[in-house]
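# Chains, contacts and geometry: an overview
Spelled out from the first residue to the last, the chains are:
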Amino acid sequence: MASTTLICDTQPWKDLKAHTEDIKKTHLRDLMNDKERCESMMVEFDGMFLDYSRHCATLETMDKLYKLAEAASLKQQINRMYSGEHINSTENRSVLHVALRAPRDAVINSDGKNVVPDVWNVLDKIKDFSEKVRNGSWVGATGKPLKDVIAIGIGGSFLGPLFVHTALQTDPEAVEFAKGRQLRFLANVDPIDIARNIAGLNPETTLVVVVSKTFTTAETMLNARTLREWISSALGPSAVAKHMVAVSTNLTLVEKFGIDPNNAFAFWDWVGGRYSVCSAVGVLPLSLQYGFSIVEKFLKGASSIDEHFRSAPFEKNIPVLLGLLSVWNVSFLGYPARAILPYSQALEKFAPHIQQVSMESNGKGVSIDGVPLPYEAGEIDFGEPGTNGQHSFYQLIHQGRVIPCDFIGIVKSQQPVYLKGEVVSNHDELMSNFFAQPDALAYGKTAEQLLKENVSQHLIPHKTFSGNRPSLSLLLPSLNAYNIGQLLASYEHRVAVEGFVWGINSFDQWGVELGKSLATQVRKQLNGSRTKSEPVEGFNFSTTTLLTRYLQRWRYDLSEILEIHGNLGKKIIISLSSQIHTHV
């Protein structure tokens, strides 16, 4: 059992609180002049290079953070996770996403059973199936190869796989394996998302992967039924078994849906949704697009960081350092947000994925024992690739609120471009900003400097930069499947470190449940009003007004639906619209 003592009651926490006042008197301009300090704040592992010298911290700060980690039993908590203990105590579950990318001969137990063989049984099944689809030995109902894949899922069943897919789309090796194929992700229940996903696709050459552990997720299953109708309207109901597969543990509902249970790929309750990209949730659609060999490299990259996280001393441990610095920024320096700034367009979906991994994990107000927290925990994560973000929200970061930044750079571009006559290559131009922005944030620009540049007096307040704005730089050698796996695992474990230190459960998400239950009440009301003309009842005045207005003002017009959504296919629209008309 975890201790009921809150981390803020320990001496290391109190020491850090007192130390904060000393740090606030220190400017990064001075800290960056200390070569010994800067050198000690650089760590390299397996090609990854972390420089956190531009954080508002001294060597004394780091020593105090290591003592805080000891007070939080961080090493023991990490070991408990890897040993399969039920550290997700509110759901009585192990937390073993590390097992999803463990080597075949590894031993990782959950409830006394080594789960690694089960993981590899699913991986082998995915490899076999994806190769059959890719080489054309598995074909659709009309005998045509299945070259297009739509993966239906939401939350963790969508954001993680989309991030990896987007990152691989321009990797030369992955591109070669993906020739002639398309992978799309359908998450939003909004029919616009459906229209976009099936636009230009032929049901005869499309395979749909339905990702839902329980096969009951409302949005996912409505989208699945819609695409089932799209397929069966074009090819007949029997075609569903050849054009739809599942990632689920509920084989009964999978079969009832019309999918052959033999074409269902398992995962386990010790895999949280936001940590599931290395399970069949991500591995199946990614293997269909890029081939299993590419995805296996991704898994090996993540596994490399898993071993590093478990074994490296804290002062050389990249995820531990990332996590402790986040705790320092949030709980002691009072910076609630963090910007994730990858200087690679291929990582455009990385920040949206980490938003969920971080904010769904650590957006908690009570300890793991249910005690209200008297300190701030959790971070507001957001981000955008550089240099796009520089022309968007960097103004606030430079001269507005202090927001610690993660700068992620790539040494070798996926798609290098060299133009004759240019001073630098396109990638060098991009990376010039990667190197410059952290210094601009750290040093700023003083009024004295502006005066020497003969800046007009009235403009000096507007052109002054206070500096002393913390950031870290993470440099990857390239951005191939292996490096993408490294990056993912580093941030997953960073979130765990934060949660372990704050004393919260980073692996449940009860906060998403209330909205779901209220939506169920609304869904019943909408159905009753549409089918039986029931008045809107049981809601507050505001919701009643909005619902009534929605029901009164909206009218379904079949010809309009056919005109607007003709790309969905005439048969499915007539079928769905007929159902709608009978309910109005």
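Look a little higher up for the structure.
Let me begin by describing the structure that accompanies this report.

Reading guide: rules and limits
Residues numbered from 1 in each chain as written. Predicted model: local features only at pLDDT ≥ 70, side-chain atom pairs only at ≥ 80, totals over all residues. Heavy atoms only, no water. Helix = DSSP H or I, 4+ residues; strand = E, 2+ residues; numbered from the N terminus. Rg over C-alpha atoms; globule rule 2.2 N^0.38 Å. Contact = heavy atoms within 4.5 Å. Areas by Shrake-Rupley, 256 points an atom, 1.4 Å probe, with all protein chains shown as cover. Expected span 1.5 Å × (residues − 1). Polar contact = N/O pair within 3.5 Å; in protein donor to acceptor, adjacent residues only side chain to side chain. Buried < 20%, exposed > 50% of the residue type's maximum accessible area, 1.4 Å probe, protein only. Axes fitted to C-alpha atoms, helices over the stretch in contact; angles between N-to-C directions. Parallel < 35°, antiparallel > 145°, perpendicular 65-115°, else oblique. Left-handed = near helix turned anticlockwise from the far one by under 90°. Nonpolar A, V, L, I, M, F, W, Y, C, P; charged D, E, K, R; others polar. Pairing = 2+ DSSP bridges. Salt bridge = Lys/Arg side-chain N within 4 Å of Asp/Glu carboxyl O. Phe/Tyr/Trp six-rings, centres within 6.5 Å; stacked < 30°, edge-to-face > 60°. Lys NZ or Arg CZ within 6 Å of the ring centre and 35° of its normal. Core = buried A, V, L, I, M, F, W, Y, C linked by side-chain atoms within 4.5 Å.

Let us now look at the overall build of the protein. Counting its regular elements, the protein contains 25 helices and 13 strands. The C-alpha radius of gyration computed for the protein amounts to 26 Å, which stays within 12% of the reference 25 Å derived for 584 residues, consistent with globular compactness. Counting only C-alpha atoms and orienting by the principal axes, one finds that the protein spans roughly 75 × 65 × 60 Å. Sequence separation of at least 24 residues holds for 74% of the intrachain contacts in the protein that already meet a minimum separation of 6. As displayed, the protein has an accessible area near 26000 Å², and 53% of this comes from carbon and sulfur atoms.

Another point: helix α23 (residues 541-553). Taking 1.5 Å of rise per residue, the 13 residues of α23 would be expected to cover 18 Å, and the 18 Å separating its terminal C-alpha atoms lies within 8% of that figure. Where α23 begins, the capping side chain belongs to asparagine 540, and its oxygen is found 3.2 Å from the backbone nitrogen of serine 542.

Locating serine 344 in the fold gives a position in the loop between β10 (337-342) and α16 (350-362). Exposure remark for serine 344: the relative accessible area of 11% places this residue in the buried category.

Right, let's talk about the packing of α16 against helix α21 (residues 481-502) for a bit. Closest axis-to-axis distance for the α16/α21 pair is 10 Å, and the angle between their directions is 20 degrees. Comparing their axes, α21 and α16 come out roughly parallel. Crossing hand, α16 versus α21: right-handed. In this structure, α16 contributes Phe350, His353, Ile354, Val357, Ser358, Ser361 and Asn362 to the contact, and α21 contributes Leu487, Leu488, Tyr491, Glu492, Val495, Glu498, Gly499 and Trp502. Within the contact of α16 with α21, the residues separate by chemical class into eight nonpolar, five polar and two charged.

As a packed pair, helix α5 (residues 74-82) and α21 sit with axes 10 Å apart at the nearest point and diverge in direction by 125 degrees. Taken as axis vectors, α5 and α21 run oblique relative to one another. The way α5 lies across α21 gives a crossing that is right-handed. Counted together, Leu74, Gln77, Ile78, Met81 and Tyr82 of α5 and His493, Val497 and Phe500 of α21 form the full contact between these two elements. Looking at the contact of α5 with α21, its residues break down into six nonpolar, two polar and no charged.

What follows is about helix α6 (residues 116-135). When the terminal C-alpha atoms of α6 are compared, their 28 Å separation across 20 residues agrees well with the 28 Å that a helix rising 1.5 Å per residue should span. Taken as a whole, α6 has its buried residues at Val116, Val119, Trp120, Val122, Leu123, Ile126, Phe129, Ser130 and Val133. The inward-facing, buried residues of α6 abut β4 (113-114), β7 (206-211), β8 (244-247), β9 (264-265), α13 (280-290) and α14 (292-311). Positive phi appears at glycine 136, one or two residues downstream of α6, with a value of about 85 degrees.

This brings us to the side chain of serine 287. You can see serine 287 is positioned in helix α13. In this structure the side chain of serine 287 is engaged in a polar contact, spanning 2.7 Å, whose partner is the backbone oxygen of valine 283. Excluding anything up to four places from it in sequence, serine 287 contacts Ile126, Ser130, Arg134, Phe292 and Val295.

Moving on, we get to the sheet that holds β8. Ordered by their spatial adjacency, five strands build an open sheet running β6-β5-β7-β8-β9, and the pairing between neighbours is parallel. Only two strands of the sheet have a single neighbouring strand rather than two, namely β6 (182-186) and β9. Two strands pair when backbone bridges link them, and β7 and β8 are joined in this way by four bridges, in the parallel orientation. Note on β8: the bridge partner recorded for valine 210 is alanine 246.

We now examine the pattern of salt bridges. By the definition in use, this model includes 22 salt bridges. Across the pair lysine 147 and aspartate 148 runs a salt bridge whose closest N-O atoms are separated by 3.1 Å. For lysine 445, the salt bridge goes to glutamate 453, with nearest N and O atoms at 2.9 Å. When its relative accessible area of 45% is taken as the criterion, glutamate 453 is described as partly exposed.

So, about the packing of aromatic side chains. What characterises a pair of aromatic rings is the spacing of the ring centres plus the angle enclosed by the ring planes. Enumeration according to the criterion identifies 17 aromatic pairs in this entry. Plain terms: the ring middles of phenylalanine 393 and tyrosine 394 are 5.6 Å apart, the flat faces sit at 45 degrees to each other, and that makes the pair tilted. The residues phenylalanine 393 and tyrosine 394 share a single accessibility class, namely buried. Arranged with centres 5.1 Å apart and planes meeting at 75 degrees, the rings of phenylalanine 434 and phenylalanine 435 form a pair that is edge-to-face. Above the face of the phenylalanine 265 ring, lysine 125 is positioned so that its terminal group lies 4.9 Å from the ring centre. Between arginine 228 and the ring centre of phenylalanine 257, over which it is positioned, the NZ or CZ distance is 4.3 Å.

Pairing within the open sheet is mixed, and its six strands lie in the order β1-β2-β13-β12-β10-β11. Both outer strands of the open sheet, β1 (42-45) and β11 (380-383), are each paired with one neighbouring strand and no more. Shown here is a sheet whose adjacent strand axes are inclined to one another by a mean of 15 degrees, direction ignored. One ladder, built from four bridges, connects β10 with strand β12 (residues 405-410); its direction is parallel.

Before going further, it helps to examine the pairing of strand β2 (residues 48-51). With four bridges connecting them, β1 and β2 associate as antiparallel partners. Counterpart to methionine 42 in the pairing with β2 is aspartate 51. The antiparallel hairpin formed by β1 and β2 contains two residues in its connecting segment, where aspartate 46 sits at a positive phi of about 50 degrees. Bridging between β2 and strand β13 (residues 471-476) involves three bridges; their strand directions are antiparallel. Residue pairing for β13: leucine 50 is matched across the bridge by leucine 474.

This part is about unusual backbone geometry. Note the cis peptide between glycine 386 and threonine 387, where omega equals 10 degrees. For threonine 387, the location among the structural elements is in the loop between β11 and α17 (394-399). Unlike most non-glycine residues, serine 73 shows phi in positive territory, near 55 degrees. Mapped onto the elements of the fold, serine 73 is located in the loop between α4 (59-71) and α5. The backbone of asparagine 468 shows a phi angle near 60 degrees, a positive value even though the residue is not glycine. Relative to the elements of secondary structure, asparagine 468 occurs in the loop between α20 (460-463) and β13. The exposure class assigned to asparagine 468 is buried, which follows from its relative accessible area of 19%.

Residues Tyr52 and Phe298 are the most contacted members of the largest nonpolar core, which totals 130 residues. Take this core: its biggest share by element is 12 residues, from α21. Here tyrosine 52 is in contact with Ser40, Met41, Met42, Val43, Met62, Tyr66, Leu321, Leu325 and Leu472, once residues within four sequence places are set aside.

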